[in-house]
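Here is what each chain is made of, one letter per residue.
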Amino acid sequence: MQSVLLLVWCGCLLAIPGIPAALAAFQPGTVSVVTRLAAAFGLGYAAAGGCAFALSSSHLFRLSIFLPLWLVVSAALWVLAARRASLAEHGRAILAEIRQQPLPLLMGLAVVLVVVAIHFPYLHYIGGPHYVYYLNGVEIANSHGVPAETLEYGQSWPPATDKAFLDAFTGVLVLFGQNPLIGPGVLLLLSVLGAGLGLWASAWELGLRYTGSLLPLLLLANRILFDTKFSDSFTEYRAEDFGRAVAFCALALGIVAIRERGWRTAVVAGVVLAAASGSHLIPALFVVLALTCIGLARLLSDAGWQARIATLRSGLVIGCTGAVLGVLIRVFAGGSFGLGGASDQSAYNAIPTRFDPTAYLYLGTFPPRDRSSGLTHPYIPARRLVDNFIYTGLGQILPRWQVALVLAAALAASVALFFLVRTDLRIVGLVGLGVFAGIIVISLLFDYRYHIYIDATFGQRRLGHYSSVGLILVGLAVLEGLVQLAGRVSLPPLVAGAIVPVVFLTAWLVPSTAPSHHFTHLSRDRLAFVNWVRTHTSCGARFLVDQRSEGTMTSLTGRNDLAEGMGPFLRPEKLPYVVTLMLDARNFYHHPEKNEAILRKYDITYVVVTRANQFLGYVGPEAGTDLAAVKATQFLHRVYANPSVIVYLVEGAQAPPASPLLKGRYLHCLTEPAHF
């Protein structure tokens, strides 16, 4: 019930300012109700998150200040909406659209609701490594603003604020729901809803009326076809999920702005895009790429230079508004941006390792340092990189002749649509191919530019999840064209051509993203472990875990896990310490009897051995635990076990005092059993 109440409250937090903002942004009948829903989510988040961000930046982050500010902003938006047009006018326009296009609107709404419903059980699911995205909000609520220091890897570090906008919004959830078990699930469900609306609206504005609902289905609830990693991401909350939701809403608004060539809509799209960039940069980068492709396709189809100049102006307004507001968010965020390594590769040269430290922390491997990447020497062979993207986008490895045939067919279909169709649908195929090619080009630029694993493989690791989007757009454009062609003959083929693929794919794909028995058992084991830690260990207890986690132990128990902190890959000044720490932990887990000194060096009270992948974190840097050797070690005494984890008490260990960074109303030693 706590989860449901918090979900309802968060929905109101977005809807109360978002609905009037969407009404004020567009006159009645100028955009579809689908796009208005996406605008309400994106603008509602910009308004509520903006209030929270302003208070966190000024260290006035209190519920007694946030609520009045949020109410004033919401009231102002309602007044603005009423002055632009009456609610009755908007209602008549929406009803007229529903009467005109009942079938596609009903299908799209049904698919989005089904996708959200199948994710509902994740409200009561405890995830593994990614609690840092909730912990950042806890720290803001605890410190009444962005804290000066956070606890990471047993040290005091300046907080990374590259996701400051979302962190502040998360802090509002913490003010209303202090239970750390329920906050991430609520944010995940909101992410699914926002991403579903944004994707549906984007497809709709591109002209995919009857097949547009398949875009959110294939990307959010599909672990069978194409690249399933995108859907996998929405099974455990992380910041990129929410960033995608807001960014896809910005994409829909950007498509409208470019098509209508209106500066006001372009500004609105830029505002939402800036909010997305303050939540997570990767989805915002993808949307910028997609809007660039849409703008170029529009320039090809525009008639006359005046139309082309107006299209270009709209794109520039979106980009400039998003960039200026995004920079302002960074300026006022405080803390550390946390991405310094990407802008200064020379900083890695000061790290005295013969192996690539970022590859070790990410994969647990020891590749030799490659300092020769450049214009003629990529980090990964270019052909292999391109092949990986093609196979990932298709979802399977095919013979080269089949790959060539598929790509040639996609190109031919896209060109045919462009020259034969006279509606918005004509550019969808070109946009899809442009997005796919653009991701490959960006990935190659990073591949040739950088010589550190995390930076050089940025495109493959982070943009690879989007590789299917372009190919899916091409396929949906072809299917939409066939459906519309059938509709010209008679109505029954149109209805069948629209309903059958949507119903069939929904029934086939949606169950694949429901929580599996494996997920359910892992969640139960995590809850049992968390409750044991809360009720049987002292507040100053220090844990060594054989998985590198991101805020899990701190969020759920208020205890110090030495192998816990944000990914330090792009913070070169922190890498030497973290690499040394992880190597020490690795040596201990490989040869525990010989490395008692490591436990004493870091004042470890409990040693944790996990028996499930990503039970608490990532296995990379500490992989290879010798469980038999751990069991035989004389100074370790087993004190707790369940099917997924074993805990050992270190003989003679004295728990140090609890860190001052783990104190306060919202961030403290938790001693009561956890429950939903």
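Above this text is the structure in question.
Residues numbered from 1 in each chain as written. Predicted model: local features only at pLDDT ≥ 70, side-chain atom pairs only at ≥ 80, totals over all residues. Heavy atoms only, no water.

Q: Any chance you could explain the environment of Leu 385 here in plain terms?
A: Among the structural elements, Leu 385 can be located in helix α17 (residues 382-394). Leu 385 sits in the buried class, given a relative accessible area of 3%. As for Leu 385 and Thr 457, which are separated by 72 residues in sequence, their C-alpha atoms are 9.3 Å apart. (Helix = DSSP H or I, 4+ residues; strand = E, 2+ residues; numbered from the N terminus. Buried < 20%, exposed > 50% of the residue type's maximum accessible area, 1.4 Å probe, protein only.)

Q: What exactly am I supposed to notice about the packing of helix α18 (residues 400-420) against helix α19 (residues 428-449) here?
A: Pairs of packed helices are described in terms of their axes, by the angle between the two and the distance that separates them. Viewed as axis vectors pointing N to C, α18 and α19 meet at an angle of 140°, and their least axial separation amounts to 7 Å. By the angle class used here, α18 and α19 are oblique. The segment α18 lies against α19, with Ala 410, Leu 411, Ser 414 and Phe 418 engaging Gly 429, Leu 430 and Leu 433. In the contact of α18 with α19, the residues fall into five nonpolar, two polar and no charged. (Axes fitted to C-alpha atoms, helices over the stretch in contact; angles between N-to-C directions. Parallel < 35°, antiparallel > 145°, perpendicular 65-115°, else oblique. Contact = heavy atoms within 4.5 Å. Nonpolar A, V, L, I, M, F, W, Y, C, P; charged D, E, K, R; others polar.)

Q: Mind showing me how you'd approach the nonpolar core here?
A: Proteins that are soluble and globular tend to have nonpolar side chains buried together. Counting residues in each nonpolar core, the largest one holds 159 residues, and the members touching the most others are Tyr 45, Phe 169, Leu 217, Phe 242, Ile 294 and Tyr 466. The residues touching Tyr 45, leaving out its near neighbours within four places in the chain, are Leu 14, Gly 50, Phe 165, Leu 166, Phe 169, Phe 242, Val 246, Ala 275 and Ser 279. (Core = buried A, V, L, I, M, F, W, Y, C linked by side-chain atoms within 4.5 Å.)

Q: What is the right way to look at the layout of surface pockets in this model?
A: The gaps of empty space that remain are located by a probe, the size of a water molecule, rolled over the atoms. Empty space within the second largest pocket amounts to approximately 490 Å³. Along the walls of the second largest pocket sit 22 residues, with Ala 15, Ile 19, Leu 37, Ala 40 and Phe 41 positioned nearest its centre. Of all the secondary-structure elements, those providing two or more residues to the lining of the second largest pocket are α1 (2-25), α2 (33-57), α4 (87-100) and α8 (183-205). The dominant element in the lining of the second largest pocket, judged by the number of residues it contributes, is α1, at seven residues. For the lining of the second largest pocket, the residue count by class is 18 nonpolar, three polar and one charged. (1 Å grid on protein atoms, 1.4 Å probe; cavity = no way out; pocket = protein on both sides within 12 Å on 5 of 7 lines; lining within 4 Å. Points joined across faces, edges and corners; volume = space filled by probe spheres on them.)

Q: Teacher, can you tell me more about the pairing of strand β3 (residues 542-545) here?
A: Note on strand geometry: in a regular strand, side chains alternate between the two faces of the sheet. In β3, alternate side chains face the same way, and those of Arg 542 and Leu 544 on one face and Phe 543 and Val 545 on the other are all buried. As judged from the two bridges shared by β3 and strand β4 (residues 560-561), these two strands associate in the parallel manner. The residue bridging Arg 542 from the neighbouring strand is Asn 560, located in β4. Viewed along the sheet, the connection from β3 through helix α25 (residues 552-557) into β4 turns out right-handed. Inspection of the sheet shows β3 paired to strand β5 (residues 606-610) by three bridges, in the parallel sense. Within the sheet, the bridge partner assigned to Val 545 lies in β5 and is Val 608. (Pairing = 2+ DSSP bridges. Right-handed = clockwise from strand over helix to strand, strands pointing away.)

Q: Explain the packing of aromatic side chains here, please?
A: Pairs of aromatic rings are described using the distance from one ring centre to the other and the angle between the two planes. For the structure on display, the rule yields 31 aromatic pairs. Note on Phe 169 and Phe 242: the rings are 5.7 Å apart at their centroids and 45° apart in plane angle, and the pair reads as tilted. With Phe 169 in helix α7 (residues 164-176) and Phe 242 in helix α11 (residues 239-260), this pair connects stretches of sequence that are 73 residues apart. For the pair Phe 169 and Phe 242, a shared accessibility class is recorded, and that class is buried. By the ring-pair criterion, three or more aromatic residues cluster together here, those being Phe 41, Tyr 45, Phe 53, Phe 165, Phe 169 and Phe 242. Taking NZ or CZ as reference, Arg 426 lies 4.4 Å from the ring centre of Phe 418, over its face. In this arrangement the basic side chain of Arg 449 is found over the ring face of Tyr 450, its NZ or CZ atom lying 4.9 Å from the centre. (Phe/Tyr/Trp six-rings, centres within 6.5 Å; stacked < 30°, edge-to-face > 60°. Lys NZ or Arg CZ within 6 Å of the ring centre and 35° of its normal.)

Q: So what exactly am I meant to see when it comes to unusual backbone geometry here?
A: Negative phi values dominate among residues other than glycine, just as trans dominates among peptide bonds. Residues other than glycine seldom take positive phi values, yet His 144 does so here, at roughly 60°. Here His 144 lies in the loop between α6 (132-143) and β1 (150-152). For His 144, a relative accessible area of 30% translates into the label partly exposed. Phi at Phe 226 is positive, roughly 55°, even though this residue is not glycine. Residue placement: Phe 226 occurs in the loop between α9 (214-220) and α10 (229-233). On the basis of relative accessible area, Phe 226 is assigned to the partly exposed category, the value being 28%.

Q: Before we go on, may I ask you to explain the environment of Glu 260 in this structure?
A: Counting through the fold element by element, Glu 260 comes out in helix α11. According to the relative accessible area criterion, Glu 260 is partly exposed, its value standing at 47%. C-alpha of Glu 260 to C-alpha of Trp 401: the two residues are 141 residues apart in sequence and 41 Å apart in space. Of note is the side chain of Glu 260, whose polar atom sits 2.9 Å from the side chain of Arg 259. (Polar contact = N/O pair within 3.5 Å; in protein donor to acceptor, adjacent residues only side chain to side chain.)

Q: What's the story with the state of the cysteines in this structure? I'm lost.
A: What we call a disulfide is simply a covalent bond connecting the sulfur atoms of a pair of cysteines. Applying the stated criterion across every chain, the model contains one disulfide. The partner cysteine of Cys 539 in its disulfide is Cys 669, sulfur to sulfur 2.2 Å. What sets the handedness of the Cys 539 and Cys 669 disulfide is the S-S torsion sign, and at about -80° it is left-handed. In this pair, Cys 539 sits in the loop between α24 (517-536) and β3 while Cys 669 sits in the segment after β7 (645-650), placing the two residues 130 residues apart along the sequence. The exposure class of Cys 539 is partly exposed, given its relative accessible area of 33%. Of the residues examined, Cys 669 reaches a relative accessible area of 15% and is grouped as buried. (Disulfide = S-S within 2.5 Å.)

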